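Chain residues, written in single-letter form:
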Amino acid sequence: MKLTDILNNGKLSLSFEVFPPKTDTGFNSVKTATEEIARLNPSFMSVTYGAGGGTSQYTLDIAKHIKEQYNVPMVAHLTCVSSTRETVAERIEAMKKAGIQNVLALRGDLTPELENGDRSKWAYRHAVDLIHDIKDSGADFCIGGACYPEIHPESNNQNEDIKYLKEKVDAGCSFLTTQMFFDNNLLYNFLYKIREAGITVPVIPGIMPITNANQVERAMKLSGSFMPQRFKSLVDKFGYSPEAMKQAGIAYATDQIIDLFANGITNVHVYSMNKPDIAAKIQSNISDILG
Ligand code: FAD
């Protein structure tokens, strides 16, 4: 099923993100975790693509397995920054063969080697180049792109970021998924600005439940997200106890999700990080809201 059919059906729903294993040995535990998440019957699941593309086959293996065994619509992420045009063409072919209908087209994170390497040799500089190639391949994918309510860390300003976002949408994105954020007002302001800029495709807010004090620094560094005082206080107070922090982090994420639904959002994507217990708890917290 194409994601646009889900996003436009007007029903409130949750989706979950999982990530592939880094090695063969980790495959079975990731498979088990993703199966448990699939049994929650989310509106869809997405599988990330390892930075640098090293785990690309696992992304597809997990997506294909969950789709076939659990009938959950899947989104496979695909990055391009370290790839050749030939590799990307192969990945697109493999996705088609696996029956994947939805792809999140990304530039990819810059690893230190990429960051310091010779950029003149890159076949792809931005996600928009990948979106063009997916479209040109003739494959009938529903393509999505990433967006940043608090601007992408490499962007000079929000107008520039939104200008390039519009280019991605015009190139063929049918939906956008946001970077994590911890203050919903940032999302509402962003939505207002992109709608004003003529971007009309569905935007799926991405919510990261922070359930471990050690996650905080890494998450902030990766996303550049603003940490509201309300959340800081919670980490200060409960960060010492893994159990208390988990409960508080799930409650905070639940609160964000309820507010998003109350303000007209219909699908929220949870960065569930291969943690079925966290996905299940959030889903049960809003079971009557989801109906
Ligand atoms: P782009 O859209 O190319 O944007 C990157 C920067 O370039 C921005 O500052 C943008 O304003 C600017 N820009 C865009 N187009 C142009 C242009 N034509 N000319 C000049 N500047 C331009 N990373 C992974 O490795 N694997 C994943 O699975 C993965 N999943 C993600 C899922 C989501 C929802 C999000 C939000 C991020 C994900 N990432 C993933 C991280 C992502 O790859 C990084 O954030 C990366 O730095 C940017 O990717 P992008 O697709 O947004 O890039």
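For the structure itself, consult the block above.
Since the structure is predicted, the reported quantities are computational estimates derived from the model, not experimental observations.

Enquirer: Quick rundown of helix H4 (residues 85-97)? Include the residues and the values.
Expert: Between its terminal C-alpha atoms H4 stretches 18 Å, which fits the 18 Å expected from 13 residues at 1.5 Å a residue. The complete set of buried residues in H4 reads Val-88, Arg-91, Ile-92 and Met-95. Angularly, the buried residues of H4 cover 100 degrees about the axis, an arc narrow enough to put them on a single face. The outward face of H4, more than 90 degrees from its buried face, is lined by the exposed residues Glu-86, Glu-90 and Lys-97. Residues of H4 that are buried make contact with helix H3 (56-70), strand S3 (74-79), strand S4 (102-106) and helix H6 (127-136). Within two residues after H4, Gly-99 carries a phi angle of roughly 75 degrees, on the positive side.

Enquirer: Before we move on, can you summarise the site of the ligand with the specific residues and values?
Expert: In the neighbourhood of the ligand, 25 residues make up the surrounding shell, with Tyr-49, Tyr-148, Ser-155, Asp-161 and Lys-168 lying closest. Within the backbone of Gly-108, one N or O atom sits 3.0 Å away from an oxygen atom of the ligand. Ala-127 is positioned with one of its backbone polar atoms (N or O) 2.9 Å from an oxygen atom of the ligand. Expressed as a share of its isolated accessible area of 970 Å², the protein-covered part of the ligand is 87%. Listed by contribution, the elements that provide at least two residues to the shell around the ligand are S3, S4, helix H7 (158-171) and strand S6 (173-178). The biggest single contributor to the shell around the ligand is H7, with four residues.

Enquirer: Can you explain the pattern of salt bridges? Please cite residues and give values.
Expert: In this structure the tally under the stated criterion is nine salt bridges. Note that Lys-64 is salt-bridged to Glu-68, the shortest N-O span being 3.5 Å. A residue pair is termed a helical-turn pair when its members lie 3 or 4 positions apart in one helix, as Lys-64 and Glu-68 do in helix H3 at four residues. Taking the relative accessible area as the measure of exposure, Lys-64 reaches 32% and is therefore partly exposed. The class of Glu-68 is partly exposed, set by a relative accessible area of 48%. Across the pair Asp-133 and Arg-85 runs a salt bridge, and its minimum N-O distance is 2.6 Å. Separated by 48 residues along the polypeptide, Asp-133 in helix H6 and Arg-85 in helix H4 bring together distant segments of the chain. For Arg-85, a relative accessible area of 39% puts it in the partly exposed group.

What counts as what
- Residues numbered from 1 in each chain as written.
- Predicted model: local features only at pLDDT ≥ 70, side-chain atom pairs only at ≥ 80, totals over all residues.
- Heavy atoms only, no water.
- Helix = DSSP H or I, 4+ residues; strand = E, 2+ residues; numbered from the N terminus.
- Expected span 1.5 Å × (residues − 1).
- Buried < 20%, exposed > 50% of the residue type's maximum accessible area, 1.4 Å probe, protein only.
- Arc of directions from axis to C-beta.
- Contact = heavy atoms within 4.5 Å.
- Near = heavy atom within 4 Å.
- Polar contact = N/O pair within 3.5 Å; in protein donor to acceptor, adjacent residues only side chain to side chain.
- Areas by Shrake-Rupley, 256 points an atom, 1.4 Å probe, with all protein chains shown as cover.
- Salt bridge = Lys/Arg side-chain N within 4 Å of Asp/Glu carboxyl O.

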